[in-house]
Each structure stands twice: as structure tokens, then as C-alpha cells.
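Analysis of the macromolecular model
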Amino acid sequence: MSAGSQPALSMRGSLFRKNFITALLLAPAALWLVVFLVLPFVAIAIFSVGERAPEGGYQAALTFAQYANLPARATAFWNTMVLAPAGALACLLVAYPVAYYLALRAPDRWRLILLALIVIPFWTSLLMRTYAWMYILGGRGIPALLAYVGIEDLRLINTPGAVLLGIVYGYLPLMILPIYVSLERLDRRLLEASADLGATPLSTFLGVTLRLSLPGVMTGFSLVMILLLGEYLIPTLLGGGKVFFIGNALVDLFLQSRNWPFGSAIAITLVLVSVVVLTVANRISTRLSGARRVDLI
Amino acid sequence: MPKSYRDGLPITPDKFVDQLMRLKRGSISRRDFLGLTGLGVATAVMARELGIMPTQAFAAENLGDRMSIATWPNYHDPQTFENFKADTGVAVEVNVFGSNEEMLAKLQAGGSGWSLFVPTNYTISTYKKLGIIEALDMAKLGNFDGKSEDSRFTAEGTIDGTIYAVPKNWGTTGFAVNTKKLTKPMSSWKEFWDTAMAEGDGRAMVHDYQLTTIGNALKYHGYSFNSLKQDELAKAEELLLKVKPHLFAVSSDYQPGMRAGDAWMTMCWTNDGAQLHRDIPEIAYVLGKEGGEIWTDFYAIPKDAPNKPAGYALLNYLMNPKVAVKEHLANGAPSTDARVNALLPKEVLDNPILYPAADLLKPLEFGAAATLTDPGRAELMARFKSA
């Protein structure tokens, strides 16, 4: 009896030690998340049921008036819900051929250099790169060059096209890399088998390559879309502030009209909407790629 | 974005070695060495951030070696801060802002770190009400002379007889026009808005600022710049929504667009108008004959200023007419101080952009505190921007 209980006790002891070590290892991350994610979120939630003080800012209250007022930013929500998927789709259309070339066609000795070339611009802040585009698209940039060949007074900056260009440029690497990873793991024998069985290149691409790279596509799509849901810099700088996204509405509410409670209510709503959108996207991608789970990178 | 004006001015290697040798010879103190080479600032910043040297360690009269000011873009002569540093050993970090609301939001949140800042007239009563700014200790500002100031511009810095802010400069809000692109002469806000929808289609800019954008739209119908009346604001909104699709941009950063020739017309503050006209003569600055805005920027000291002695010292330094005159020559905004005007060259005083004719100034209105904080106007602006 006593002999039998001995190993059980020590096993419980080692189990306890294991759990303790796991808890210790997780503690920094957990602490970080609590202090910088959970607590601010709670603060925002409390703000969102408050009132705007007469001089701006926050005043304690318990009201859902801020949430009732959400339709006042319906246009901004709508613009964002159109921009985010559209921008991600544009990114995808540009990124897929690049990732395909890198993973399946590029010579081995070039691959690393090409990948580095895609990643390096990311080392500079997005603000800087977007400012650079302001000058490239501005009157002294491309339009000045076009004026030499007789195309006068062309305006590129502050157009929807400029915003789209900025978005595709800014977020392209985030789309290329996950697709590249999923294409690189592609088993080439599947392509040969498909060809042996009489499939045309197009149907091989659609039925094998594209299908197997879908997890990467959905990862890239979700990543870009999440970031675009909060985007405000590119529309402001390349769109001339004429297109109003929910990110712009938030900036204005916190820094201009200083309506913190309303801004908080919008922030909370944006988080909830993002969660719903991503859950749906995840479901779709799981189904499309044949019950395989999608992991974020 | 905090950025020191000194970022581009590091000490040269020669100078550094020179100073190092002087330190070794003992002809300068360690403190001077640290100050002259910029190492002092770095050490002080590190020490403070790491908690090695608490700020309280400075004696009451010690100015420390670092302070921070919040101000507007292109608003100071960088040499002013360079000279101040040479005189006092205090390095000035310059924070540039885009709007009074942003400044207010930062100060309201606390811990801004500024020892001096530059609020516009209509915010001062709000700052006072919120208890964010100091009643100025005029004994420490010997260079300020209330008698030499134009009372029209100083009035809003004084509340119930107490001085909370002293004026930096004044100015107007009109519009800038590229007269080569838009040749028809203009003199009113009505023409500004009508042109934006016709010859200036796709080339006009309005501020990303409800006070001026809504205020100048109200002027189209001849209403007060500060109107809070529902029916008048509704008319202004109607105009703004009609103009919106024709605009080049809704942005207060209009100099790049005007300089590049992408924008042909923009709402514009005095000093920007003067700078644009100076560099590109065909850009004219127009005050709407219906009126519009006149403003004064003030200096004020936050109650939670981390380095008040240095804040007062810099403010007093800037109130010296000989220093102020250089500031005005650099930023191009007119001065409120008769002593400074006496030192300004004639061509500045005769510049109609800086010192407009009296009959153009007469209909102008100071923005009101209520205009700035009115939630209705904020919502109107949001509807305009999202349209």
C-alpha cells in the first residue's frame, strides 16, 4: 500500500513542478497582456458607457447613449468594411503571382535575395514610405515627368487610386510571405500526378496549387484585413483626408472633438466587428481547405 | 511627434576634441563640457529615464539642462533655442502640433512633459477652467511690458485680472490663391467657395479643422464665424456637402500641395500665406471681405510643467524684443508688441499679408471657446468629412 503510493506522490510532485515551471514561463507574457491589453480594454469599455465632459474628455456615467449614437458614424463603418476586404483583395491579386514565382519558379540562388528585397522596405516606418509616395505622386513627381511628354495638369495624389496604391504597397509583404510559405511546402509530385492524369495546367493550378495554398492566402488576407480595419494614415496622406474611415473617425473623436466616450464606444464596436469578421473568414477558409486548421503564420 | 531641432546639428569631431582637451586642462567645468558637446542632454535624459537622477534633485533656481515646448510647425527661429542653450545650458525639445484640440487632449491626459506651450486665444479660458495652466508669475517675466502690447490681442490671456498667458503673435485666416492658375481676382469667401466648385474644381483645400472650415462656410451666407445657431449651421453644412466632391483635400498641411502646384487655392493662416508668397510670388493671400477669423497665439505654462524655472526663463527670453524680432522675421507672423514692431524692417510692416488694411481687419472675429468645444460643430465636421 505504502509502496504503491510512493511513485504516485512523486509523480504528483513532478506534475506540480511542471505546472509551476509552465506558469512561471507564461507569467511575463500573461502580465504583459493583462497590463497592456486587458486593462486598457476595460478602461475603454468603462469610458464607452460614460459621457463627454462639457470641455471634452470623459465624465463618469452609466449610459448607452454613445452606442445609440453609433449610426452617426455609419458611413465611416461602411467605408472601412468596403476598404478592408477590397484592399486585402487587391493585395492578394498582386501578391499571389510574386509568391508563386518565388516559391516555384525562382532560381534557388536568387530566392533568398528576392525575399530580402521584399522584406527590407519593411524596416522603414510606414509613415516615411507613405510620405515618399506623396512626393512621387505629387505635382513635382510623376505628373511633372508626364508634362514633358505633353500630358499636362494630371492629378494623381488625393485620388482613390492613390489610396489603393498606398495600401497595396504598404501591406504587400504581409500577403506575399504567408502565401510563399504555403506554396513552398507544396509537394511537386502532386502537380506531376495531376498532369499525368490528363489535367490541363489551368485545372492543375486551380485544383491543386491554389487549393493547397489557400491556408496561406487566408492567413495573408486576414492579416492585411485586420490592419486595414484600423487604417487611417494612408487615406489621410494619399487620399487628402476626403475619404473617412473608422480609424479617421477615432482619431478625430479623441484628438479633435475630444469625445472620449463616443470614441470608446466606436473602438469597442470595431473590436467586436473585427472578431465576427475574422471568425467568419476562418470558418470559410477551414471549409475551403478541407477541414485543415488555419494558423496565423 | 517629438523632435529636437538640434537633431540635425551634432557637434563636429574637431570641436568635440577641442572641448575634450579643454576639459582635461581644467579650463572648463564638467557641466560645461557635457552641455557643449550634447553629452549632458543624453546623460540627463538617460539618468531621468532610468531613475538614477530624480528631477527634484535640481535646486529651485537651477534651470536644469533640458526642457520641452509644444508649439506649431515652422513657428520659431531654430537659432533662438540654440542661443538660449548657449546662454543657460538648457536644451529645448520642440514638439510640433497640428491643432489646439490635440494640445488640449495631451495636457488633459496629463504628463505632457511640457514646460511652455503655445495655445491660441480661444482655448485659454478652457485651460483655466480645467485648472491646467498657471497664473503667470509676472515678477519672473521682466522682459514683458503690458503697456507696449496692443490690448486687442492680449485681452484673452487675462482672466478676471489675472494674467494666464502672454501673446506671441497674432494673425488672420484667409485663403491663398495661385493667381497663375486662377486668374480671376477674388476678394470674398463667397468667391472662394464658388470658385472651388467651378474653375478650381479638384484644386481647392479646406482645413481639417472645424473652427475655420465651418466658420468660413458660415461666412458664405454672411453669418457669424462663431455661429452656433441650428439654422445657420444647417446652411453651412449644405454648402460644405455641395463643395466636398470638388475639393482637392481636407487638410491643414496645405503648403506641400500649394508648392507642388497640385492645389491652386487653400484656406490659409497669415504666416503660411507670407511664406508661400515669399517663395512663390504668384501665390496671393486674400482676406474675405465678409470677415472671418483673427487670432492671437499665446505662451502659457502648464501647472504640471516638469521644469518651471526653465519654462519661465525661456518665456522671459522670448519676450525680449531683440529675440522676438528674429522670431517674427523667421515665422512671418505679425507681432503684438510695439517694441518689436519698432525693430522690424519697413518692408515687413508694409507687407499687406502681415499687416492688412484696417478696413479688412474690422469685420474679423476672434474664435470663441464655445465654438471650439461645441459638440454640434464637431458632428457637423464628421458628417462633412465622411460624406
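Every value quoted in this text rests on a predicted model; they were computed, and no experiment measured them.

So, the overall build of chain B
Counting its regular elements, chain B contains 19 helices and 13 strands. Expressed as a percentage of its 387 residues, the buried residues of chain B come to 46%.

Section: the overall build of chain A
Of the regular secondary structure elements, chain A holds twelve helices and zero strands. Secondary structure of chain A in N-to-C order comes out as α-α-α-α-α-α-α-α-α-α-α-α. In summary, chain A has a C-alpha radius of gyration of 25 Å against a globular reference of 19 Å for 297 residues, an excess of more than 25%. Along the first, second and third principal axes, the C-alpha atoms of chain A reach 100 × 75 × 30 Å. Taken over 297 residues, chain A has a buried fraction of 32%. Contacts in chain A between residues far apart in sequence, at least 24 positions, make up 72% of those at least 6 positions apart.

Brief notes about the domain arrangement of chain B
All names here are of chain B. For chain B, the domain assignment lists domain 1 (2–169 + 297–343) and domain 2 (171–295 + 354–386). With 17 residues of domain 1 at the contact, the number on the domain 2 side is 17 residues. Among the residues forming the side of domain 1 that touches domain 2, the class breakdown is three nonpolar, twelve polar and two charged.

Some points on the pairing of strand β7 (residues 166–178) of chain B
Consecutive side chains of a regular strand alternate in pointing toward one face of the sheet and then the other. Residues and elements named next belong to chain B. Counted residue by residue, β7 has 13 buried out of 13 residues, so it is predominantly covered. Bridge count for β7 against strand β12 (residues 292–299) is seven bridges, and the pairing is antiparallel. Bridging across to β12, N169 finds its partner in D297. In the sheet, β7 pairs with strand β10 (residues 265–269) via five bridges, with the strands oriented antiparallel. The residue of β10 that forms the bridge with V177 is M265. By the bridge criterion, four bridges tie β7 to strand β11 (residues 283–286) in an arrangement that is antiparallel. Residue pairing in the sheet places N178 in a bridge with I283 of β11.

Section: helix α9 (residues 210–220) of chain B
Residues and elements named next belong to chain B. Burial analysis of α9 places eleven of its eleven residues in the buried class, the great majority of the element. Turning to α9, its buried residues are Q210, L211, T212, T213, I214, G215, N216, A217, L218, K219 and Y220. One or two steps after α9, the chain reaches G222, where phi turns positive at roughly 80°.

Notes on the interface of chain B and chain A
If you look at the interface, chain B gives 27 residues, while chain A gives 25 residues. If you list the elements that add at least two residues to the side of chain B that touches chain A, you get α5 (100–109), α6 (124–129), β9 (247–250), α11 (255–260) and α19 (375–386) of chain B. With six residues, α19(B) is the single largest residue contributor to the side of chain B that touches chain A.

A few points about the nonpolar core
Burial of nonpolar side chains together is a common tendency in soluble globular proteins. Residues A99(A), M175(A) and M265(B) are the most contacted members of the largest nonpolar core, which totals 100 residues. One finds M103(B), Y312(B), V325(B) and L344(B) within the second-largest nonpolar core, a separate group that totals 42 residues.

Overview of the environment of S187(B)
Residues and elements named next belong to chain B. Locating S187 in the fold gives a position in the loop between β7 and α8 (189–196). Its 13 C-beta neighbours within 10 Å are what place S187 among the partly exposed residues. In the structure, S187 is positioned 98 residues away from Y285 in sequence and 9.7 Å away in space, judged by C-alpha atoms. Non-local contacts of S187, meaning those with residues more than four positions away in its chain, are made with V286 and K289.

Quick look at helix α9 (residues 201–229) of chain A
Here α9(A) spans only 37 Å end to end across 29 residues, well under the 42 Å set by a 1.5 Å rise per residue. At L214(A), α9(A) shows its maximal bend, which comes to roughly 50°, and the proline P215(A) appears one to four places after that position.

Notes on the environment of N178(B)
The topology assignment puts N178(B) in strand β7. For N178(B), a count of 21 C-beta atoms within 10 Å puts it in the buried group.

Describing unusual backbone geometry
Generally, phi is negative for residues other than glycine and the peptide bonds are trans, each holding for most cases. One non-glycine residue, R258(A), lies in positive phi territory at about 50°. Structurally, the position occupied by R258(A) is in the loop between α11 (246–256) and α12 (260–288). Despite not being glycine, D160(B) has its phi angle at roughly 50°, a positive value.

Things to note about the environment of A263(B)
Residues and elements named next belong to chain B. In this structure, A263 sits in the loop between α11 and β10. Accessibility expressed as a C-beta count within 10 Å gives 30 for A263, which makes it buried. In this structure, the C-alpha to C-alpha distance between A263 and S227, residues 36 residues apart in sequence, is 29 Å. Not counting residues up to four positions away in its chain, the partners in contact with A263 are R203, M205, F248, A249, Y254, G257 and M258.

Here we look at the confidence of the model for chain A
With 93% of its residues at a pLDDT of 70 or more, chain A has an overall mean of 87. Confidence drops under a pLDDT of 50 for residues 1–5 of chain A, and excluding neighbours within four residues, the segment shows zero contacts in the predicted structure.

Describing the confidence of the model for chain B
Residues and elements named next belong to chain B. Residues with a pLDDT of 70 or more make up 84% of chain B, whose mean pLDDT is 86. Overall, residues 1–10 carries pLDDT values under 50, and its contacts beyond four positions in sequence, including any with other chains, amount to ten contacts. Scored below 50 in pLDDT, residues 26–60 shows 32 contacts in the model against residues more than four places distant or in partner chains. The complex prediction reports pTM at 0.79, with the ipTM value standing at 0.80.

Looking at the packing of α9(B) against α19(B)
Residues and elements named next belong to chain B. Where α9 meets α19, the closest approach of the two axes is 10 Å, and the angle between their N-to-C directions is 85°. Of the possible angle classes, the one that applies to α9 and α19 is roughly perpendicular. Residue-level contacts link Q210, T213 and I214 of α9 to R377, A378, L380 and M381 of α19.

Observations regarding the packing of α11(A) against α5(B)
Where α11(A) contacts α5(B), the axes come no closer than 8 Å and their chain directions differ by 70°. As summarised for this structure, α11(A) and α5(B) are arranged roughly perpendicular, according to the angle between their axes. Facing F254(A), L255(A) and Q256(A) of α11(A), the residues of α5(B) in contact are E101(B), E102(B) and A105(B). Of the residues in the contact of α11(A) with α5(B), the class split is three nonpolar, one polar and two charged.

So, how was this worked out
Residues numbered from 1 in each chain as written. Chains lettered and ligands numbered in written order. Predicted model: local features only at pLDDT ≥ 70, side-chain atom pairs only at ≥ 80, totals over all residues. Helix = DSSP H or I, 4+ residues; strand = E, 2+ residues; numbered from the N terminus. Buried ≥ 20, exposed ≤ 12 C-beta atoms within 10 Å, placed from the backbone. Rg over C-alpha atoms; globule rule 2.2 N^0.38 Å. Contact = placed C-beta atoms within 7 Å. Domains from an automatic or database assignment. Nonpolar A, V, L, I, M, F, W, Y, C, P; charged D, E, K, R; others polar. Pairing = 2+ DSSP bridges. Core = buried A, V, L, I, M, F, W, Y, C linked by C-beta atoms within 7 Å. Expected span 1.5 Å × (residues − 1). Bend = angle between axes of the 7 residues up to and from the residue. pLDDT = per-residue confidence, 0-100. Axes fitted to C-alpha atoms, helices over the stretch in contact; angles between N-to-C directions. Parallel < 35°, antiparallel > 145°, perpendicular 65-115°, else oblique.

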